[in-house]
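Spelled out from the first residue to the last, the chains are:
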There are 2 protein chains.
Amino acid sequence: MSRLDSFIRRLEAQRACLDRVAALIDRLDGIVLELGLGNGRTYDHLRELFPSRDIYVFERRVAAHPDCVPPGDRLLLGDLRETLPGVRSWLINRVALAHLDVGTGDVAANRALALELVPLVAPLLREGAVLASDQLMDCPEFTPLPLPDGVTEGRYHLYRRQ
Amino acid sequence: MSRLDSFIRRLEAQRACLDRVAALIDRLDGIVLELGLGNGRTYDHLRELFPSRDIYVFERRVAAHPDCVPPGDRLLLGDLRETLPGVRSWLINRVALAHLDVGTGDVAANRALALELVPLVAPLLREGAVLASDQLMDCPEFTPLPLPDGVTEGRYHLYRRQ
């Protein structure tokens, strides 16, 4: 499989997971969090999927396409390990979906970051909320959900907040 | 359609066209040219499709994944408008496939560049060779070929050198 094949599969998996999540939280009010903006493509997809929800975007430094930069009052700049604790008091139990896309080529660093983020993300999610993540995010509060057809196990991760 | 949808369609179209091209030149000996390396994903795909062909890569400045950087003697650094004339004497009529992927967000600049490149690329292609391009490359020497199923007209372009 070429890098082109692999990249297409990863994007298709990501989209299939986000589309699945939209159905999963259809009847659950709440905010959407985009943790990692990147080029803004998934943020644009989330905007389409959730036109009537507030979407808050967390990013260290914005490098997205100009059309995909969120409004200033929906953008939280900085390291997730600092910005997530800062919003805890007003986002606690108010989030219906958190999408985490922070992976780099460094598998060990990704794993370490995910372990740090789990306890920062979990309290923000309301009961029944969904976490979609490119990283494994095991913790007692999260029940793994099955992936959409065609998405290889481990390529993406979906969890339901208990 | 979100930017994520649009990006996936573009990559799928590109892959479908390259896979189609591999069948089209199956019985035609010749060199492969990758005009524009970018992140190296399509170069990696071309390497898989054409393991026994020489692939020459033209790029202004290499910014590809380290696994996708061609060997030094297969890499021609510089502006295509200068490097293509420089190889004309030894590549003339020796190329079976040229893949051009140079588009940016600037449609007018893309069109102008394509017009400059057509007369530089055409003489390198042997009779029956294929040009796959993200840009319209109309010229008398090129016969447009039908696109693979599912690829929207205009999203990619395939030509046969007469």
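Position numbers for residues count from 1 along each chain, tracking the sequence in the order it is written. Chain letters and ligand numbers both follow the written order, the letters beginning at A and the numbers at 1. With the structure being a predicted model, the display of local features is reserved for residues of pLDDT at least 70 and the display and counting of side-chain atom pairs for 80 or more, all residues being used for whole-chain, interface and lining totals. Values shown for side chains rest on all heavy atoms present in the structure; no hydrogens or waters enter the calculation.

**Overview of the sheet that holds strand β1 (residues 31–35) of chain A**
Residues and elements named next belong to chain A. Think of it this way: DSSP has to see at least two bridges between two strands before they count as a pair. The helix count covers DSSP runs of H or I at least four residues long, the strand count covers runs of E at least two residues long, and both are numbered beginning at the N terminus. On the basis of which strands lie adjacent, the open sheet formed by seven strands has the order β3-β2-β1-β4-β5-β7-β6 and mixed pairing. The sheet is open, and its two borders are formed by β3 (75–77) and β6 (142–144), each paired with just one other strand. Within this sheet the neighbouring strands show an average axis-to-axis angle of 20°, counted without direction. Where strand β2 (residues 55–59) and β3 come together, three bridges link them in parallel fashion. Its bridge partner lying in β3, E59 is registered against L77. We call two residues contacting when some pair of their heavy atoms lies within 4.5 Å. Where helices are involved, their axes are fitted lines through C-alpha atoms of the stretch in contact, as for all axes, and angles between N-to-C directions lie from 0 to 180°. Contacts from helix α1 (residues 3–24) reach β4 (95–100), β5 (125–133) and β7 (157–161) within the one sheet, and its direction differs from that of β7 by about 20°.

**Observations concerning the relation of the copies chain B and chain A**
Superposing chain B onto chain A takes a rotation of 180° combined with a translation of 0.0 Å along the rotation axis, leaving an RMSD of 0.0 Å. Between the two chains, the operation in question is that of a two-fold axis. Among all C-alpha atoms of chain B, that of B:I8 lies closest to the rotation axis, at 3.3 Å. A shared interface surface links the copies, since 100% of the contact residues of chain B are contact residues in chain A too. Least squares is the method for superposing the copies, and the C-alpha atoms it fits come from residues with pLDDT of at least 70 in both.

**Let's talk about the interface of chain B and chain A**
Residue-level contacts link 20 residues of chain B with 20 residues of chain A. In this description, buried area is defined as the sum, over both parts, of the accessible area (probe of 1.4 Å) that is lost when the two are combined. Between chain B and chain A the total buried area reaches about 1900 Å² when both faces are included, carbon and sulfur atoms providing 60% of it. Among the residues of chain B in contact with chain A, B:R3, B:L4 and B:R41 are the three that bury the most area, contributing 35% of the side total. The working definition used for a salt bridge is a side-chain nitrogen of Lys or Arg within 4 Å of a carboxyl oxygen of Asp or Glu. At the surface where chain B touches chain A, the tally comes to four salt bridges. Among the salt bridges present, the one from A:R3 reaches B:D67, with a minimum N-O distance of 3.0 Å. Contacts described as polar in this section are N or O atom pairs within 3.5 Å, which, within protein, must combine one atom able to donate a hydrogen with one able to accept it, while residues neighboring in sequence count only if both atoms come from side chains. Scanning the region where chain B abuts chain A turns up 14 residue pairs in polar contact (both at pLDDT 80 or more). For the side of chain B that touches chain A, the secondary structure elements donating two or more residues are α1 (3–24) and α2 (41–49) of chain B.

**Concerning the packing of α1(A) against α1(B)**
Interaxial distance between α1(A) and α1(B) falls to 10 Å at its minimum, and their mutual angle equals 150°. Judged by the twist between their axes, the crossing of α1(A) over α1(B) is left-handed. Packed against α1(A), whose contacting residues are A:L4, A:D5, A:F7, A:I8, A:L11, A:E12, A:Q14, A:R15 and A:L18, the element α1(B) presents B:L4, B:D5, B:F7, B:I8, B:L11, B:E12, B:Q14, B:R15 and B:L18 at the interface. In terms of residue class, the contact of α1(A) with α1(B) is made up of 10 nonpolar, two polar and six charged. Note on convention: near helix rotated counterclockwise from far helix by under a right angle means a left-handed crossing. Clockwise means right-handed. Gly is placed with the polar residues, together with every amino acid not listed as nonpolar (Ala, Val, Leu, Ile, Met, Phe, Trp, Tyr, Cys and Pro) or charged (Asp, Glu, Lys and Arg).

**Here's the deal with a nonpolar patch on the surface**
Only residues whose relative accessible area exceeds 30% and that take part in no salt bridge are eligible for patches, with like-charged residues grouped when within 9 Å of each other and nonpolar side chains (Val, Leu, Ile, Met, Phe, Trp, Tyr) grouped when within 5 Å. Accessible areas in this description were obtained via Shrake-Rupley with a 1.4 Å probe; residue shielding takes into account the shown protein chains only. The grouping of A:V62, A:V69 and A:L77 at the surface amounts to a nonpolar patch, some 220 Å² of accessible area in total. Locating A:L77 in the fold gives a position in strand β3.

**Description of the nonpolar core**
One finds A:L33, A:F58, B:L33 and B:F58 to be the most contacted residues of the largest nonpolar core, which totals 115 residues. In this view, A:L33 contacts A:Y56, A:F58, A:L91, A:V95, A:L97, A:A98, A:H99 and A:L124; residues no more than four positions away in its chain are not counted. For our purposes a nonpolar core is just a set of buried Ala, Val, Leu, Ile, Met, Phe, Trp, Tyr and Cys residues, chained together by side-chain atoms within 4.5 Å. Buried, partly exposed and exposed residues are distinguished by accessible area as a fraction of the type maximum, computed with a 1.4 Å probe on protein chains only: under 20%, between the cut-offs, and over 50%, respectively.

**Some details on the pairing of β5(A)**
On a regular strand, one side chain projects to one face of the sheet and the next to the other, so that they alternate. Residue and element names in this part refer to chain A. Among the nine residues that make up β5, seven are buried, leaving the element largely enclosed by the rest of the structure. As judged from the five bridges shared by β4 and β5, these two strands associate in the parallel manner. Bridge assignment links A98 to a residue of β5, and that residue is L131. Relative to β7, β5 runs antiparallel, the two sharing four bridges. Within β7, the residue paired with A132 across the bridge is L158.

These results come straight from atomic positions and should not be treated as a statement about function.
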